[in-house]
Amino acid sequence: MIMTDKLDRLSNIKAPAPASDARARALAAAMQAFDAPENDFENISTAPQGTAKGGRQSSIINWIWSPIMNRKLLAGSALATLLVVPAAAFLTLELTRGTLPVSAPEVEIAGGELPKKTELAVESKKQSPQKASEAEQQTTQVAEKPVNAQDSGTVSPSPEIAEVQPDTLADTEAAASGVQPQRGEELSTDAAAPMGTLSRTRQVTTMMQEAMPAPAMLPNDILPPQEESRDRFSSGETNPVKSVATDPVSTFSADVDTASYSFVRKALLAGGLPEKDSVRVEEMINYFPYDWPGPQSDAEPFKATVKLLPTPWNPNTRLMHIGIKGYDVVPAMQPRANLVFLIDVSGSMDEPDKLPLLKSAFRLLVEKLKADDTVSIVTYAGNAGTVLEPTKVKDKQKILSAIDTLQPGGGTAGAQGIEAAYALAKAAFVKDGVNRIMLATDGDFNVGPASDEALKTMIEEKRKGGIFLSVLGFGRGNYNDALMQTLAQNGNGTAAYIDTLAEAQKSLVEEAGSSLFPIAKDVKFQVEFNPAQIAEYRLIGYETRALKREDFNNDRVDAGDIGSGHRVTAIYEVTPKGSPAVLNDDLRYQAEKAPATEAVPQAKGSELAFLKIRYKKPDSDTSSLITTTVTEDNAVPSLDAVGADARFSIAVAAFGQKLRGTDAVAAYPYGSILDLAAGARGDDPYGYRAEFLNLVRLAKSLSGE
């Protein structure tokens, strides 16, 4: 009863009247906040006390949770487990990763939010040291400033905070997301948000960005540098323009290699222009099959076709186009083959485009050989070893199994491998047949007692005994093209570069006859120009095949070989007498000599040039001679008047010169080359010419033209 009486007395007590001065202060503060202009929006608190949602979070949770627990339902425990366990696992994982922010709890006060010191630190890193120090002092002062509870319900941020806070927040968000926001976008977004949710939205966004940071770009100074290419090529200056008055004769060796085109293709497909020294224009031209007229019988191993055409990149010059087609031996008449696969299995071959591709290529070749042909396999890596003794192809499975067992490892003792291969080739030598070593390597002969010159000498000596050497190159980054060319040229063989299995199919299967069965060796070309008709000339390509004038008639001088069905194309750019394209002046001290027209016999005055081809049959050491006279009868009025093969070969010649940086075609764009080649695509059963068009497009894009 006593307690009830006290409660009754308390309930009858009236509340005291409000103090007039407190009421006045509250009204003044409310009016001041209501009358604040829009342009002073940023100075008004953006973090009101409490939350903008309809109720406290704890109340909402209790409202949901209490009925469930009061009813003691099993589903409540199950639901708690489903919610809590995954969340706890996620938080544990993120904490172990270190991606969740770990910082002091944010302090919120009525009407304002104290800036975090870390936010100011972000901005200070972008400022000069002096400004950074000032920002640090401002942060310290703000953090130590006491909150006056007697103020009008709010704490207005100081001018320093108002100035730093927007930029600091935007920079913090940009640092977390990896993207720098535009300032105008930031302000418009903030203005559109309700005042009650603005601060909390920023907090949630920042925490999410910190928990899932975007991958940052590495500075250039710590990016791993691109590995420098160690490919080595035979360097040769582009053939110059020569005056017929002083140098009327041009001599060079035949070249049927195609390695350069494959290497150029691999470089372009890898996203870069090829090294200029890797571009040998004649090998690019001779990569493609052309239907030049061939000889009718093997009495004459090949036939020459000469045409005079307008030059597409210079209207004041002409092109003398020479096409050679070798006699195509009937497969049934092909001699027996004794082949030795000399395979590099050193550590440098342990790449997908090297030994694995090599093994697939040789499997294709074995399928092409006849049953009575012989195959041997020698490997080298640190030292040489015989994997397969001479075996008839009729025991094909034994050969293929030996190829499949090859594994990379060790150094590269190439000299020892070549010696072992020649020993096997000699042991299984086939008289009146084909005895050839096929060296497959990336050209990295980095171990071994022999120098390049000693290898060259040994191969020359073995060549005299009837054992030839061909080279198959693989891989990039360590390819010794210069050595491969030297070995193939001195071994009376060919050099091919295998970058894809399709290229292996082309080189070893489709062109196996021309690669393995020679119809002529030591093939040399010599062209003499008539000074009465031609003022200057330039041989396109064949820089590494140049010979001295006297080498043409010297049978002891080695030259290139031509195989069954091989096609050889050579192109000269010639400047007619009196053309404005003449680059060389007349000689001062020969002006009193008789004019060139008087020096040439009248019967030969109308001739433009005289082509001579010297060759040896495979089993002979004495050369034979074929000659062809070039006159205006060989001329055509326009490019459209010749076949698609000639026009396409000219497009390839222009492309090769363009990649090589030849000045003569500097003003001839890739687009014109593409149009010329596209119009001469013709019959393309294997898609080689279509592929060429794509390479021209790639080069055009990479060059920025």
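What comes next is a walk through the structure. The model shown is predicted, which means the values in this text are computed figures rather than measured ones.

## Considering the environment of Lys 548
Point 1. Tracing the backbone through its elements, the reader meets Lys 548 in the loop between strand E14 (534-540) and strand E15 (560-563).
Point 2. Sequence-wise, Lys 548 and Ser 250 are 298 residues apart; in three dimensions their C-alpha atoms are separated by 8.5 Å.

## A few points about the packing of aromatic side chains
Point 1. Within the structure shown, the criterion is met by 22 aromatic pairs.
Point 2. Plain terms: the ring middles of Phe 655 and Tyr 670 are 6.1 Å apart, the flat faces sit at 70° to each other, and that makes the pair edge-to-face. Of the two residues, Phe 655 sits in helix H20 (residues 644-660) while Tyr 670 sits in helix H21 (residues 670-679), which places them 15 residues apart along the sequence.
Point 3. Its relative accessible area of 0% is what places Phe 655 among the buried residues.
Point 4. A connected cluster of aromatic rings, assembled from ring pairs, spans Tyr 261, Tyr 287, Phe 288, Phe 648, Phe 655, Tyr 670, Tyr 686, Tyr 688 and Phe 692.
Point 5. Over the aromatic face of Tyr 287 sits the side chain of Lys 506, whose NZ or CZ is 3.9 Å from the ring centroid.
Point 6. Positioned above the aromatic ring of Tyr 670, the side-chain terminus of Lys 658 is 5.5 Å from the ring centre.

## Comments concerning unusual backbone geometry
Point 1. Notably, Asn 492 is not glycine yet its phi reads approximately 55°, a positive angle.
Point 2. Accessibility expressed as a relative area gives 6% for Asn 492, which makes it buried.

## With respect to a nonpolar patch on the surface
Point 1. Taken together, the side chains of Leu 269, Leu 273, Leu 698 and Leu 702 present a nonpolar region at the surface, about 340 Å² in accessible area.
Point 2. Position of Leu 273 among the secondary structure elements: in the loop between helix H10 (259-269) and helix H11 (281-285).

## Topic: the sheet that holds strand E16 (residues 567-576)
Point 1. Across the sheet, which stays open at both edges, the 5 strands sit in the order E3-E14-E16-E6-E5 with antiparallel pairing between neighbours. Edge positions in the open sheet fall to strand E3 (242-243) and strand E5 (302-310), since each of these has one partner strand only.
Point 2. Pairing of E5 with strand E6 (residues 318-326) involves 9 bridges; the strand directions are antiparallel. Bridge pairing in E6 places Thr 305 opposite Gly 323.
Point 3. On top of the sheet, H20 reaches E5, E6, E14 and E16; it is set at about 110° to E6, its chief contact.

## Things to note about the side chain of Ser 346
Point 1. Structurally, the position occupied by Ser 346 is in the loop between strand E7 (337-344) and helix H12 (355-368).
Point 2. Reaching out from Ser 346, the side chain makes a polar contact with the side chain of Asp 344 at a distance of 2.7 Å.

## Quick look at empty space enclosed by the protein
Point 1. Per the counting criterion, the structure on display carries 7 cavities of 30 Å³ or more.
Point 2. Within this model, the largest cavity holds a volume of roughly 270 Å³.
Point 3. Of all elements in the fold, only strand E11 (468-474), strand E12 (495-498), helix H17 (501-510) and helix H18 (512-516) reach the threshold of two or more residues within the lining of the largest cavity.
Point 4. Its residues assigned to classes, the lining of the largest cavity comprises 12 nonpolar, 7 polar and 4 charged.

Conventions and cut-offs
- Residues numbered from 1 in each chain as written.
- Predicted model: local features only at pLDDT ≥ 70, side-chain atom pairs only at ≥ 80, totals over all residues.
- Heavy atoms only, no water.
- Helix = DSSP H or I, 4+ residues; strand = E, 2+ residues; numbered from the N terminus.
- Phe/Tyr/Trp six-rings, centres within 6.5 Å; stacked < 30°, edge-to-face > 60°.
- Buried < 20%, exposed > 50% of the residue type's maximum accessible area, 1.4 Å probe, protein only.
- Lys NZ or Arg CZ within 6 Å of the ring centre and 35° of its normal.
- Patch = residues over 30% accessible without salt bridge, like charges linked within 9 Å, V, L, I, M, F, W, Y side chains within 5 Å.
- Areas by Shrake-Rupley, 256 points an atom, 1.4 Å probe, with all protein chains shown as cover.
- Salt bridge = Lys/Arg side-chain N within 4 Å of Asp/Glu carboxyl O.
- Pairing = 2+ DSSP bridges.
- Contact = heavy atoms within 4.5 Å.
- Axes fitted to C-alpha atoms, helices over the stretch in contact; angles between N-to-C directions.
- Polar contact = N/O pair within 3.5 Å; in protein donor to acceptor, adjacent residues only side chain to side chain.
- 1 Å grid on protein atoms, 1.4 Å probe; cavity = no way out; pocket = protein on both sides within 12 Å on 5 of 7 lines; lining within 4 Å.
- Points joined across faces, edges and corners; volume = space filled by probe spheres on them.
- Nonpolar A, V, L, I, M, F, W, Y, C, P; charged D, E, K, R; others polar.

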